Every structure is written in structure tokens, then in C-alpha cells.
Amino acid sequence: MADFVAHNAVPGLPAGLTGAKMAHQASMASFPDRRTAIEELVGAGDTVVVRMRMTGTNQGGLAWAGVPANGNKVNVTWTSIYRLAGGKVVDHRAEMDIMGLMQQLGAIPSPAQTPAAAAP
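Computed from a predicted structure; not experimentally measured.

Looking only at helices and strands, one finds two helices and five strands in the chain. Element order for the chain, N to C, with α for helix and β for strand: β-α-β-β-β-β-α. Seen through its principal axes, the chain has C-alpha atoms that stretch 60 × 35 × 25 Å. Excluding contacts between residues fewer than 6 apart, the proportion of contacts in the chain whose partners are at least 24 apart in sequence is 49%. Put simply, the chain has 9 plus and 8 minus side-chain charges, and the middle of one group is 6 Å from the middle of the other.

Take a look at the structure:
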């Protein structure tokens, strides 16, 4: 759809529906065993809010967010807000636990991996 707006477009990908499709395809390739579960679904008027959980293993051939495939398992949640018009999604916003995802991928240390600060 030409007037689809993705407010959280992935940097470096085209805007709109083309970039959203490319981001989804990259996720599917990076996490080929990916499972997505809807945990909550709420609708009002022209808006639908979905809270989801994705699990999978970073084993695809692509680097995900700059992290090469490493066999790490991930379990991450996000919330998407969709606006509908004419029976189609025309607007999408998302909030994802990016910090948790990057820690699970091993791109940044988790608090458990960070050495404790020295006591004074």
C-alpha cells in the first residue's frame, strides 16, 4: 500500500511497506525457527494494539542488527499499534525490548555479565 507509514522503520531500509517487508524477511531469515505468540490484542475504532512475544535462535545466514548468527536463543516482547483504513493497515508504531534482545544476542553485556563496581 503506497500510503503505509512505518514510524519505527529500520535504518538503512526503504521507508513504507517495502522496508517493513524487508525487515520482516530479514528477521525470518535470521531466526528460521522463530515463533511469535500474541499475548494481548485490543481494538477500538480504527486502532488495534497487539502485545507479542517472539522466541527463536539466531542461526540464519544474515547478521541481525550487525550480530552474526551465533546460535543464541532469544525471547523478546514488543507492542505494535496499527491504524486501519479501508480494511488495510495504513500506520504502524512499535515498542520493542531492544536492550534485552541485544543482550540475548550477545551484542552487549547483560547486568549479570557486567563486573560489579568496586566498592569505595
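Next comes the rest of the account.
So, on to helix 1 (residues 16-30). Here helix 1 contains 15 residues, and its C-alpha end-to-end distance of 21 Å stays within 8% of the 21 Å for a straight helix at 1.5 Å per residue. All of the buried residues along helix 1 are Gly 16, Gly 19, Ala 23, Ser 27 and Ser 30. Angular distribution of buried residues about the axis of helix 1 spans 75°; they occupy a single face of the element. Along helix 1, the residues that are exposed and aim more than 90 degrees away from the buried face are Lys 21 and Gln 25.

Here we come to the pattern of salt bridges. The tally for this structure, following the rule as stated, stands at four salt bridges. For Arg 51, the salt bridge goes to Glu 39, with nearest N and O atoms at 2.5 Å. Of the two residues, Arg 51 is situated in strand 3 (residues 47-57) and Glu 39 in strand 2 (residues 35-44); the sequence distance between them amounts to 12 residues. The exposure class of Arg 51 is partly exposed, given its relative accessible area of 30%. For Glu 39, the salt bridge is made with Arg 53, and the minimal N-O distance between the two is 2.7 Å. Of the two residues, Glu 39 is situated in strand 2 and Arg 53 in strand 3; the sequence distance between them amounts to 14 residues.

On to the side chain of Ser 27, then. The residue Ser 27 is located in helix 1 in this model. Apart from the residues lying within four places of it in its own chain, the contact partners of Ser 27 are Arg 34 and Trp 64.

Parameters at a glance
Residues numbered from 1 in each chain as written. Predicted model: local features only at pLDDT ≥ 70, side-chain atom pairs only at ≥ 80, totals over all residues. Heavy atoms only, no water. Helix = DSSP H or I, 4+ residues; strand = E, 2+ residues; numbered from the N terminus. Contact = heavy atoms within 4.5 Å. Lys, Arg positive; Asp, Glu negative; His and termini not counted. Charge placed at Lys NZ, Arg CZ, Asp CG, Glu CD. Expected span 1.5 Å × (residues − 1). Buried < 20%, exposed > 50% of the residue type's maximum accessible area, 1.4 Å probe, protein only. Arc of directions from axis to C-beta. Salt bridge = Lys/Arg side-chain N within 4 Å of Asp/Glu carboxyl O.

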